[in-house]
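As a plain string of letters, each chain reads:
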Amino acid sequence: MAFWAGGSPSIVDYFPSEDFYRCGYCKNESGSRSNGMWAHSMTVQDYQDLIDRGWRRSGKYVYKPVMNQTCCPQYTIRCRPLQFQPSKSHKKVLKKMLKFLAKGEVPKGSCEDEPMDSTMDDAVAGDFALINKLDIQCDLKTLSDDVKESLQSEGKNSKKEEPHELLQTQDSVGEKLGSGEPSHSVKVHTVPKPGKGADLSKPPCRKAKEIRKERKRLKLMQQNPAGELEGFQAQGHPPSLFPPKAKSNQPKSLEDLIFESLPENASHKLEVRVVRSSPPSSQFKATLLESYQVYKRYQMVIHKNSPDTPTESQFTRFLCSSPLEAETPPNGPDCGYGSFHQQYWLDGKIIAVGVIDILPNCVSSVYLYYDPDYSFLSLGVYSALREIAFTRQLHEKTSQLSYYYMGFYIHSCPKMKYKGQYRPSDLLCPETYVWVPIEQCLPSLENSKYCRFNQDPEAVDEDRSTEPDRLQVFHKRAIMPYGVYKKQQKDPSEEAVVLQYASLVGQKCSERMLLFRN
């Protein structure tokens, strides 16, 4: 089984949907439906392939809505950060943060532009009890020494040294990414380069008056280039920032707006630290209690939870535990792949935490919670913009890592439509699993909650399960293809469950992941 060379495979328990349950969005008591699986462990490539088929995780529970039956269809959405340009409302949020940091200015009135309020995901809000029950059941059969021995007998290498190395790497990365000011790890370009800011293969949208002004400026520059440069230097612009062709009308990049320099006597200091949450780094362990207190206050004030919920164990289960295996390949990002907490430190205390997964092709946003006292800073929007910028930074070393996944887009839920404001973005077709620009999807969603976005009627799921007998099963301390396993089974319902699992995870994942069967 060469596809496991160098690491352990993903191991999952599958739980087919048995009933409808309460929807966390429209509050319909029996409107939501999803299939799920408990992931004992999962490789980042398998999870990347799963979210590209409409799956999403909450802790170690990975679920996929039954799109044509659930009351609020949830479409996976991704933003394209390399072409992203902040909108006016995004710039307003970034300027608000800068004013607060520089001068301590607090905007008057209530905050109206805080759409990134992290509503509990459907599977969490609607079926909290089920996931707790699965956690207990699956913990009883969490991979035992028998399973590990079986994997090793297949030629695996458990690499027990790796987490220690990751702790050291992550600590150094936390230092490097920790500052709110630009550093050598965050390259800030006044003139955007390819892959940063605007798409330079296309001319920026400009007014005729601006074009006339630039022509005049270029003409003057040709007549007296020295004088023109002196004029720019007098305004404090070093001539080295200006190439021969003027870019004065080029919009500021996202990085320019985020990392605008602050005065030496700034009122506040903001630092963003990326710490590995699974396996937990030393930084993560040291800040766990403080992080939990922020989450508890967030749930009490924003979601009106009682003071005794959620407990610290529930917090850990949903936002700290992760099935993703930490991986640090030489061609990957410096911090490695896996699950992380992006902590926002203001004047030495945590005010917000973004839970993220760093995967081979994307940064996937899992959840955000923040101190309600700082709601006026629109931390939901601000953190999303920081995560987009972080994705662009990771892309500089790891070129295939070029997308920002925002979870689910729910057109029928006004509170969840904000994700469509981060353009350009795509929605995942729930039938063929191809990405379609959101602009092409919205007209269909206005007419129907559930839509097939792929307009080609002949198109099919290219990774559909075509050879279910090749699916890998872990049963009685042995790894075997489903073709062998099914000959040992007498329960007629078993085949239907396994085939449903294969159709939902796709052929590639069914051959790589181990389906745990009693």
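Above this text you will find the structure in question.
These notes cover the structure that comes with them. (Residues numbered from 1 in each chain as written. Predicted model: local features only at pLDDT ≥ 70, side-chain atom pairs only at ≥ 80, totals over all residues. Heavy atoms only, no water.)

The subject of this paragraph is the sheet that holds strand S9 (residues 362-370). Spatially, S6-S7-S8-S9-S10-S5-S11-S12 is the arrangement adopted by the eight strands of the open sheet, whose pairing is mixed. Each having just a single partner strand, strand S6 (270-278) and strand S12 (435-437) make up the two edges of the open sheet. Here the average twist between neighbouring strands, direction ignored, is 35 degrees. In this structure, strand S7 (residues 338-346) lies alongside strand S8 (residues 349-358), joined through nine bridges in antiparallel fashion. When the bridges of S8 are listed, Gln343 appears paired with Val353. (Pairing = 2+ DSSP bridges. Helix = DSSP H or I, 4+ residues; strand = E, 2+ residues; numbered from the N terminus. Axes fitted to C-alpha atoms, helices over the stretch in contact; angles between N-to-C directions.)

With respect to the helices and strands, the residue Glu255 is situated in helix H9 (residues 254-258). Of the residues examined, Glu255 reaches a relative accessible area of 3% and is grouped as buried. For Glu255, the side chain forms a polar contact with the side chain of Arg392, separated by 2.9 Å. (Buried < 20%, exposed > 50% of the residue type's maximum accessible area, 1.4 Å probe, protein only. Polar contact = N/O pair within 3.5 Å; in protein donor to acceptor, adjacent residues only side chain to side chain.)

Glancing now at the pairing of strand S1 (residues 11-15). The side chains of a regular strand alternate between both faces of the sheet. The buried fraction of S1 amounts to four of the five residues, a majority that puts the element mostly inside the structure. Two strands pair when backbone bridges link them, and S1 and strand S2 (residues 34-41) are joined in this way by five bridges, in the antiparallel orientation. Paired with Tyr14 across the strands is Met37, a residue of S2.

Before going further, it helps to spend a moment on the pattern of salt bridges. Going through the model one piece at a time under the given rule, you end up with 20 salt bridges. In this structure, Asp334 and Lys397 form a salt bridge, with 3.0 Å as the shortest nitrogen-oxygen distance. Of this pair, Asp334 sits in the loop between helix H11 (312-320) and S7 while Lys397 sits in helix H12 (residues 379-397), and the two are 63 residues apart along the sequence. A relative accessible area of 44% means that Lys397 is categorised as partly exposed. When the shortest N-O distance is used, the salt bridge between Arg470 and Glu511 registers 3.1 Å. (Salt bridge = Lys/Arg side-chain N within 4 Å of Asp/Glu carboxyl O.)

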